[in-house]
Structure formats: structure tokens, C-alpha cells
Amino acid sequence: MPQWVGDTVMSVPSLILLKKSLGNETKITLLVQNHLIPVIDHLPYFHKVIGYKKKEMKSLGGLLSLSRNIKKENFEAVILFSNSFRSALFCYLSGIPLRFGYKSDFRN
């Protein structure tokens, strides 16, 4: 999810529509900064909310550690609402085979 409150709130309707179109069997997990958990944690559309500290994404060691933890979840696909190379790299390192998002910064 995006790192800003407004951007996070604005992305929720897209995820709700995705959930409705894919059916109830589809499990959507959100990865958000810890301070954004209260914004979305109460919504019934999502299977799981995983929080992280902002500094985890800022350092290479933190990025690698978090990506190892996410890799254990065996996610099939990810939607990147952020236009961030670091987010795309994180999803690649997490071993998520299908990655959807902006086609920029070597992400095509």
C-alpha cells in the first residue's frame, strides 16, 4: 500500500472492487506501514494486514529481511499502487511471480 494516509484511503476502493470481482475465495493481504494499520485494519474485505516500520524499507538490510519474511507467505501476485522502484525491488526480492504496477524504472 502507499505510504501516505490519503493515498492509502484512495486505493481501498480499487481493492474492494478487485475482491468483489475475484470472489470471496480470494484472499487479499495488505502490506502497510505500522502507522496506517488503524486506517484499514477494520475493513472486512481483506484477509490480513501486515505492518512494517518505515526504516525497514529504507536500508538494504531491512529490505532484505522484510522480503524474506514476505517470501514465506507464498503470495501469487502483487499490485503496486506506489510508483517506487524500491517497492518494485522489494516485491521482486520477495519472490512474488506476478507483479502489477507502473511500467517505469526498469519494471516492464
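Data block above holds the structure.
A few points on the structure. Counting from 1, residues in each chain are numbered in the order their sequence is written. Under the rules for a predicted model, residues below a pLDDT of 70 receive no local features and side-chain atom pairs below 80 are neither given nor counted, while totals for whole chains, interfaces and linings still include all residues. Calculated side-chain values reflect all of the structure's heavy atoms, with hydrogen atoms and water omitted.

This brings us to the side chain of Ser94. In this structure, Ser94 sits in the loop between helix H5 (85–93) and strand E4 (98–100). The residues contacting Ser94, other than those within four sequence positions of it, are Ser67, Ile70 and Lys71. Runs of H or I in DSSP of at least four residues are treated as helices and runs of E of at least two as strands, each being numbered from the N terminus. The contact criterion used throughout is that any non-hydrogen atoms of two residues lie within 4.5 Å.

Turning next to the layout of surface pockets. Cavity means a closed set of points on a 1 Å grid over the protein atoms alone, one where a 1.4 Å probe fits but cannot get out, pocket means an open set with protein on both sides within 12 Å along at least 5 of 7 lines, and lining means a residue has an atom within 4 Å of a point. Grid points are joined across faces, edges and corners, and a volume is the space filled by probe spheres set on the points. By volume, the largest pocket amounts to about 1100 Å³. Along its surface, the largest pocket is lined by 40 residues, and Thr29, Leu31, Ala77, Val78 and Ile79 are the ones closest to its centre. For the lining of the largest pocket, the elements supplying multiple residues, two or more each, are helix H1 (5–22), strand E1 (29–33), strand E2 (48–52), helix H3 (54–58), strand E3 (77–79), H5 and E4. Any residue outside Ala, Val, Leu, Ile, Met, Phe, Trp, Tyr, Cys, Pro, Asp, Glu, Lys and Arg is labelled polar, Gly included; the first ten of those are nonpolar and the last four are charged. Among the residues making up the lining of the largest pocket, the classes are represented as 23 nonpolar, 9 polar and 8 charged.

Turning our attention to the nonpolar core. Generally speaking, a soluble globular protein has its nonpolar side chains buried in company with each other. Joining through side-chain atoms within 4.5 Å is the link that ties buried Ala, Val, Leu, Ile, Met, Phe, Trp, Tyr and Cys residues into a set, and such a set is a nonpolar core. When a residue's accessible area, from a 1.4 Å probe over protein chains only, is under 20% of the maximum for its type it is buried; when over 50% it is exposed; and in between it is partly exposed. Leu31, Met57, Leu66, Ile70, Phe90 and Cys91 are the most contacted members of the largest nonpolar core, which totals 13 residues. Of all the secondary structure elements, the ones that give two or more residues to this core are E2, helix H4 (60–71) and H5. Those residues in contact with Leu31 that lie beyond four places of it in its chain are Met1, Ile50, Tyr52, Ile70 and Phe90. If you look at the next biggest cluster of nonpolar residues, it comprises 9 residues, including Val12, Ile16, Val32 and Ile40.

A few words on the packing of H4 against H5. Contact pair H4 / H5: the axes reach a minimum separation of 8 Å and the direction vectors enclose 50 degrees. Comparing their axes, H5 and H4 come out oblique. Handedness of the crossing formed by H4 with H5: right-handed. The residues of H5 that touch H4, namely those facing Leu63, Leu64, Leu66, Ser67, Ile70 and Lys71, are Arg86, Leu89, Phe90 and Leu93. Of the residues in the contact of H4 with H5, the class split is 7 nonpolar, 1 polar and 2 charged. For helices, the fitted line uses only the C-alpha atoms of the stretch in contact; every axis is such a line through C-alpha atoms, and the angle between N-to-C directions lies from 0 to 180 degrees. Roughly parallel means an angle under 35 degrees; roughly antiparallel, over 145; roughly perpendicular, 65 to 115; everything else is oblique. Left-handed describes a crossing whose near helix is turned anticlockwise from the far helix through less than a right angle; right-handed describes the clockwise counterpart.

With that settled, consider unusual backbone geometry. Phi at Asn74 takes a positive value of approximately 55 degrees, unusual for a residue other than glycine. With respect to the helices and strands, Asn74 occurs in the loop between H4 and E3. For Asn74, a relative accessible area of 63% translates into the label exposed.

Right, let's get into the pattern of salt bridges. The term salt bridge refers to a pairing of a side-chain nitrogen on Lys or Arg with a carboxyl oxygen on Asp or Glu at a separation within 4 Å. This model, assessed by the stated rule, comprises 1 salt bridge. Two residues, Lys48 and Glu73, come together in a salt bridge whose shortest N-O distance is 2.9 Å. One end of the pair, Lys48, is in strand E2; the other, Glu73, is in the loop between H4 and E3, with 25 residues separating them in the sequence. A relative accessible area of 33% means that Glu73 is categorised as partly exposed.

A few words now on the side chain of Ser87. Among the secondary structure elements, Ser87 is positioned in helix H5. Ignoring sequence-local partners within four residues, the contact set of Ser87 consists of Leu80 and Ser82.

Without other data, these values stay purely geometric and don't point to any function.
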